[in-house]
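Tertiary structure, described
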Amino acid sequence: MHPRRPEGFDGLGYRGGAREELGPGTRPFSSASELGHWVTSPPDIPGSRNLHWGERTSPCGAGTPLRGESLNEEPSLGAGGSGAEQLNRFAGFGIGLASLFTENVLAHPCIVVRRQCQVNYHARNYHLTPFTVVNIMYSINKTQGPRALWKGMGSTFIVQGITLGTEGIISEFTPLPRLTHVIAMPFYSASLIETVQSEIIRDNPGILDCVKEGIGRVVGMGVPHSKRLLPLMVLTFPTALHGVLHYVISSIIQKLVLFVLKRDRSHNLTTESSTSVQSMLDAYFPELLASFAASLCADVLLYPLETVLHRLHIQGTRTIIDNTDLGYEVLPINTQYEGMRDCVNTIQREEGMLGFYKGFGAIIVQYTLHVAVLQLTKIIYSTLLQNVS
């Protein structure tokens, strides 16, 4: 923090916030050289003028505050110096918060519609484009209200918390942190059910219902399921495969994008005057852009596997979803897949290759929204930094 001093403080005749009057036997200093032992500028407090420790204040003339270059006084810091630095720190937090908010909250309706389309084997409209996805989202919101598009958001945060917590614990003892996907698998199944279950027929779930249902799935207790419910051992391989492939693909893409961005930055060095303005952008946006590209590529490449995974997890849970063809009515999920291979063959035979990409338009809407928020955040902070500097 920069030290504060009273108005009109010149380092002379100051005691407790009041300036002493000029005594009858005193004379004003004639030159700045006579003030050398009275006034100093400590190097650790730029711009301040304090007395040496243990010295008394000399009664002297206090007509006008002493100014000038002879005292080696540094100009006071304007808003551009400290303001830009504080704005840089605030910008890092703000940009990261905007990215997390967009990814986990603002884009949640896209995740809901995407998962409903993936598990809806009845659907005739595959929603491969963002235009049909936006239309069906509007219909669901009109008939059921906004809650229908934000259902299951709390459970997704719980699954992320379980995944991050177990990953931190496992990474301390084993070199296989991706095993967390297997540990969080029953809770992921419960979260998936809350996400795709129609708002028309479901009760208001509690905050920890996801945890209760996940534990019940492990011990075989809780809400009754049909005989077509697949054991967790059958779901282990596709869940672990999806988690490991997503981690590998996103890591490779992220490192590749960062390498390209750093190489372009070294070839296009900015001038010194613009470096202060662009410091925040150069520090935070390459990481965010690399993370965005990595997540996008991994989700697009593994979309068919995610469709298979979600159908296997939802089978036998007596889940009723919204009709994604109409935007109203409900449909039961009654599949009879024996495993991952049977699910792949059945989708290819009955729905064609595009059946693996049902709801793909929601991915386009989700990441388009993410790009728009990041770009808007970048413009806002660029403008603020330019005004401060």
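The paragraphs below set out a description of the structure included in this document. (Residues numbered from 1 in each chain as written. Predicted model: local features only at pLDDT ≥ 70, side-chain atom pairs only at ≥ 80, totals over all residues. Heavy atoms only, no water.)

With that out of the way, let us pick up the overall build of the protein. In terms of regular secondary structure, the protein is built from twelve helices and four strands. In the protein, which comprises 389 residues, the proportion classed as buried is 41%. Within the protein, contacts between residues separated by at least 24 positions form 79% of all contacts whose residues are at least 6 apart in sequence. Accessible surface for the protein amounts to roughly 22100 Å². Of this, 62% is attributable to carbon and sulfur atoms. (Helix = DSSP H or I, 4+ residues; strand = E, 2+ residues; numbered from the N terminus. Buried < 20%, exposed > 50% of the residue type's maximum accessible area, 1.4 Å probe, protein only. Contact = heavy atoms within 4.5 Å. Areas by Shrake-Rupley, 256 points an atom, 1.4 Å probe, with all protein chains shown as cover.)

What follows concerns the pattern of salt bridges. One pass over the structure, following the stated rule, counts six salt bridges. Here Lys212 and Asp209 are joined by a salt bridge, their closest N and O atoms 3.8 Å apart. In this pair, Lys212 and Asp209 both sit in helix α7 (residues 209–219), three residues apart, roughly one turn of the helix. Salt bridges here are not isolated pairs; linked through shared partners, they connect Arg311, Glu351 and Lys358. (Salt bridge = Lys/Arg side-chain N within 4 Å of Asp/Glu carboxyl O.)

This brings us to helix α4 (residues 153–173). Taking 1.5 Å per residue as the helical rise, α4 with its 21 residues ought to reach 30 Å, and the 31 Å between its terminal C-alpha atoms agrees with that figure. Contact partners of the buried residues in α4: α2 (108–119), α5 (180–183), α6 (185–196) and α7. (Expected span 1.5 Å × (residues − 1).)

Of note, the phi angle at Arg318 is positive, near 55°, even though the residue is not glycine. Checked against the element boundaries, Arg318 lands in the loop between α10 (303–314) and β3 (320–322). We classify Arg318 as exposed; its relative accessible area is 55%. A positive phi angle, near 70°, is found at Glu329, a position not held by glycine. Take Glu329: it is sitting in the loop between β3 and β4 (330–332). Judged by its relative accessible area of 43%, Glu329 is partly exposed.

Right, let's talk about the packing of aromatic side chains for a bit. On inspection of all chains with the given rule, the structure shows four aromatic pairs. Centre to centre, the rings of Phe292 and Tyr367 are 5.5 Å apart; their planes meet at 65°, and the pair counts as edge-to-face. Of this pair, Phe292 sits in helix α9 (residues 272–301) while Tyr367 is found in helix α12 (residues 360–388), placing the two residues 75 residues apart along the sequence. You can call Phe292 buried: its relative accessible area is 13%. Plain terms: the ring middles of Tyr357 and Phe360 are 5.9 Å apart, the flat faces sit at 75° to each other, and that makes the pair edge-to-face. The exposure class of Phe360 is buried, given its relative accessible area of 18%. (Phe/Tyr/Trp six-rings, centres within 6.5 Å; stacked < 30°, edge-to-face > 60°.)

A few words now on the environment of Phe356. Inspection of the secondary structure assignment puts Phe356 in the loop between α11 (340–350) and α12. The class for Phe356 is buried, based on a relative accessible area of 6%. Here the alpha-carbon distance between Phe356 and Val119, two residues 237 residues apart in the chain, equals 10.0 Å. Once residues within four sequence positions are removed from consideration, Phe356 is found in contact with Tyr303, Pro304, Thr307, Val308, Val344, Ile347 and Gln348.

This next bit is on the side chain of Ser191. Tracing the chain through its elements places Ser191 in helix α6. The contact partners of Ser191, leaving out residues within four places of it in the chain, are Arg115, Gly152, Ser155, Thr156, Val159 and Cys210.

To continue, consider the environment of Ala107. Summarising the element assignment, Ala107 is placed in the loop between α1 (79–106) and α2. Classification of Ala107 by relative accessible area gives buried; the value is 1%. Measuring from C-alpha to C-alpha, the distance between Ala107 and Trp150 comes to 9.3 Å, with 43 residues separating the pair along the chain. If we ignore the near neighbours within four places in the chain, the residues touching Ala107 are Thr102 and Gln366.

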